[in-house]
Amino acid sequence: MSTEVAKTKKIKELIPEVYRPVFGAAIFFVLMMVAFIVSAPEVFLTVGIYTAIFLSLPLFTIVGLSLVYITAAGEIDLSFPSIIAISALAFTWTLQQTGMNFGLAIPASLLTGCACGWVNGLLVTRLGLSSLITTLGMNFALVGLTNILNNGVVRGLTDINDSKIRAILVGSWGPMPAQMFWSTGIAIILGLIFHRHRFGIHVKVAGDNPEAGRAMGVNIERTKTLVFILIGLCSSLTGIFAVLLNSTFFPTMGDGYLLPTLAAVFVGGTPVTGGKGTIGGLVIGAATVVFIQTGVVAAGLDGYWTSFGFGLVIVFSLIGHRRFSGKLTR
């Protein structure tokens, strides 16, 4: 047995299987950050770059958390960018129509997102449609509906800049943006549910062996529907935060989330085969993806290299997971 193989085997023996994806994602993140610091120390050794990154990182994290659930349940959802947009429109429109009443605007947005997720869940579980094709179609449909309802208008919300709700949700809490604390709390709650609660077990059973789950009394259809609703809920939260951060709604605000968020899920160690997932890995994966978007430019490369960087990150992270986590990501 070679020395390299022996070291890898020893690492696997020391680290419990459930933590191996997180370990692999963390190793890759550290190596990536070292490379960025070496290439652009004047950028990555200053506080300002991290403050800027922490503004957008929570948004990718929140929606990515729900994608861990749906992937673990053996399904996929490609409609979340359009749910972000239409939920943000519901939030913005309600604010404008009610004189900046957040007590009505936030529930309106959350209900819109949950309703979209519920429709996706029904189409997949009740009609037996492919989640990949169904949510892809819904993504186009909801994008079209958003433009029909909004007529392509960019809606400014400068009146909310001094509101207390905005300060609480996206203001600065000391040196950190408030949304970092909110996303951390959401990650802890969803992590506990995923790894410790009965619902999390049902989600993994639905993706691993649904027939055995039904034999044990697990309502697989309801579980999957609830996961689609969770995606709608998290997408609407992301839309709310995005509108508050920019004090503006624009119809394409969900477009930039699709590939980076999916990359964060898989970089974090959640396999496409269902039955397994990692919340901690997702958080690290989201940080990896967001740092790439900034690091590529900071390193002196054109923004066109970002997609190339995403591709390399996904491939190399999968290699790392394969090495440290056995067959987890196959």
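Being a predicted model, the structure only gives us computed values, none of them experimental.

A. Region of the structure containing the pattern of salt bridges. Applying the stated criterion to the full structure yields three salt bridges. The salt bridge partner of Arg214 is Glu211, with a shortest N-O separation of 2.8 Å. On the criterion of helical spacing, the pair formed by Arg214 and Glu211 is a turn pair, its members being three residues apart in helix 11 (residues 210-215). For Arg214, a relative accessible area of 34% gives the class partly exposed.

B. Highlighting the packing of helix 13 (residues 258-267) against helix 14 (residues 279-298). Two elements in contact, helix 13 and helix 14, have axes whose closest approach is 7 Å; the angle formed by their N-to-C orientations is 135°. Relative to helix 14, the element helix 13 is oriented oblique. In the crossing of helix 13 with helix 14, the sense of the turn from one axis to the other is right-handed. Contact residues: Pro260, Ala263, Ala264, Val265 and Val267 in helix 13; Leu282, Gly285, Ala286, Thr288, Val289 and Gln293 in helix 14.

C. Up close: the nonpolar core. The biggest cluster of nonpolar side chains holds 72 residues, and the ones touching the most others in it are Phe44, Tyr69, Phe80, Phe91 and Leu244. Looking at this core element by element, the count peaks at 14 residues for helix 4 (residues 47-72). With sequence-adjacent residues up to four places away left out, Leu244 is seen in contact with Phe91, Phe102, Ile160, Arg166, Leu169 and Val170. Core analysis: the next-biggest nonpolar cluster, separate from the first, contains five residues, Ile83, Ile86, Cys116 and Leu142 among them.

D. How the structure looks around the packing of aromatic side chains. Applying the stated criterion across every chain yields a total of nine aromatic pairs. Pairing Phe29 with Phe291 gives two aromatic rings, centres 5.6 Å apart and planes at 70°, and the pair type is edge-to-face. One end of the pair, Phe29, is in helix 2 (residues 20-39); the other, Phe291, is in helix 14, with 262 residues separating them in the sequence. In this structure Phe291 comes out as buried when scored by relative accessible area, which is 4%. Between Tyr50 and Phe291 the ring centres are 5.8 Å apart and the planes differ by 55°, which places this aromatic pair in the tilted class. Of this pair, Tyr50 sits in helix 4 while Phe291 is found in helix 14, placing the two residues 241 residues apart along the sequence. Stacked on the ring of Phe194, the Lys or Arg Lys204 has its end atom at 4.7 Å from the ring centre.

E. Looking closely at helix 14. Along its 20 residues, helix 14 runs 29 Å from first to last C-alpha, staying within 8% of the 28 Å computed at 1.5 Å per residue. Along helix 14, the sharpest kink reaches roughly 30°, centred on Ile292. Helix 14 sits mainly inside the fold: 15 of its 20 residues count as buried. The backbone nitrogen of Gly281 lies 2.9 Å from a side-chain oxygen of the residue at the head of helix 14, namely Thr278.

F. Geometry of unusual backbone geometry. The phi angle at Met100 is positive, at roughly 65°, despite the residue not being glycine. As for its position among the elements, Met100 is in the loop between helix 5 (80-97) and helix 6 (102-125). A relative accessible area of 24% places Met100 in the partly exposed class. One non-glycine residue, Ser247, lies in the positive phi region at around 55°. Residue placement: Ser247 occurs in the loop between helix 12 (220-246) and strand 4 (248-249).

G. Representation of the packing of helix 4 against helix 14 in the model. Relative orientation of the contacting elements helix 4 and helix 14 amounts to 135°, with a least axis distance of 8 Å. Comparing the axis directions of helix 4 and helix 14 gives the class oblique. With respect to the hand of their crossing, helix 4 and helix 14 are arranged in right-handed fashion. Two secondary-structure elements touch here, helix 4 through Ile49, Tyr50, Ile53, Ser56, Leu57, Phe60, Thr61, Gly64, Leu65, Val68 and Tyr69 and helix 14 through Ile279, Leu282, Val283, Ala286, Ala287, Val290, Phe291, Gln293 and Thr294.

H. Seen up close, the environment of Ser79. For Ser79, the location among the structural elements is in the loop between helix 4 and helix 5. When the C-alpha positions of Ser79 and Ile106 are compared, they lie 21 Å apart, and in sequence the two are 27 residues distant. Polar contacts involving the side chain of Ser79 include one to the side chain of Asp77, which spans 2.6 Å.

I. Expanded view of the confidence of the model for the protein. For the protein, the average pLDDT comes to 87, and 90% of its residues sit at 70 or higher. Counting interchain partners and residues more than four positions distant, the pLDDT-below-50 stretch residues 10-14 has seven contacts.

Quick notes on the rules
Residues numbered from 1 in each chain as written. Predicted model: local features only at pLDDT ≥ 70, side-chain atom pairs only at ≥ 80, totals over all residues. Heavy atoms only, no water. Salt bridge = Lys/Arg side-chain N within 4 Å of Asp/Glu carboxyl O. Helix = DSSP H or I, 4+ residues; strand = E, 2+ residues; numbered from the N terminus. Buried < 20%, exposed > 50% of the residue type's maximum accessible area, 1.4 Å probe, protein only. Axes fitted to C-alpha atoms, helices over the stretch in contact; angles between N-to-C directions. Parallel < 35°, antiparallel > 145°, perpendicular 65-115°, else oblique. Left-handed = near helix turned anticlockwise from the far one by under 90°. Contact = heavy atoms within 4.5 Å. Core = buried A, V, L, I, M, F, W, Y, C linked by side-chain atoms within 4.5 Å. Phe/Tyr/Trp six-rings, centres within 6.5 Å; stacked < 30°, edge-to-face > 60°. Lys NZ or Arg CZ within 6 Å of the ring centre and 35° of its normal. Expected span 1.5 Å × (residues − 1). Bend = angle between axes of the 7 residues up to and from the residue. Polar contact = N/O pair within 3.5 Å; in protein donor to acceptor, adjacent residues only side chain to side chain. pLDDT = per-residue confidence, 0-100.

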